[in-house]
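What follows is each chain in one-letter form.
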Amino acid sequence: VLAGVALALELDGGGNCRWSRIGMFGVGPTPLRASKSEEKILGNRLEEKLIAEIADQAAAEAQPGSDIHASASYRRELVRWLVAWNLRSVRQEYQEKKQ
């Protein structure tokens, strides 16, 4: 595994985040939580600017190493992309349910 992300959110009726967990694996000596990213999202809506900020923060919280499969910078970028993709997916699902 190069890197992975597991994300769980609870949104209220207005689309604001009530609860969040962001787990990362393959980017540290053990699985990690992106605690600062989780805090940043609480009480906020999943707007594009916030998604980018959370993805950047999660990438900064990762502690990847390099090996023959991928560099540390590649793994960090993968975390950034995976977090953003998952948050956009949650936002899309929420919007579809509201229609």
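Above this text you will find the structure in question.
Residues numbered from 1 in each chain as written. Predicted model: local features only at pLDDT ≥ 70, side-chain atom pairs only at ≥ 80, totals over all residues. Heavy atoms only, no water.

(A) Structural view of the packing of aromatic side chains. Applying the stated criterion to the full structure yields 1 aromatic pair. Aromatic side chains Trp81 and Trp85 sit 6.1 Å apart centroid to centroid with 15° between the ring planes, which places their arrangement in the stacked category. Of the two residues, Trp81 and Trp85 are both situated in helix 3 (residues 72-98); the distance of 4 residues between them amounts to about one turn of the helix. (Phe/Tyr/Trp six-rings, centres within 6.5 Å; stacked < 30°, edge-to-face > 60°. Helix = DSSP H or I, 4+ residues; strand = E, 2+ residues; numbered from the N terminus.)

(B) Up close: the pairing of strand 1 (residues 4-11). Bridge count between strand 1 and strand 2 (residues 17-25): 8 bridges; the pairing is antiparallel. If you follow Glu10 over to strand 2, its bridge partner there is Trp19. Adjacent in sequence and paired antiparallel, strand 1 and strand 2 are bridged by 5 residues, among which Gly15 carries a positive phi angle near 90°. (Pairing = 2+ DSSP bridges.)

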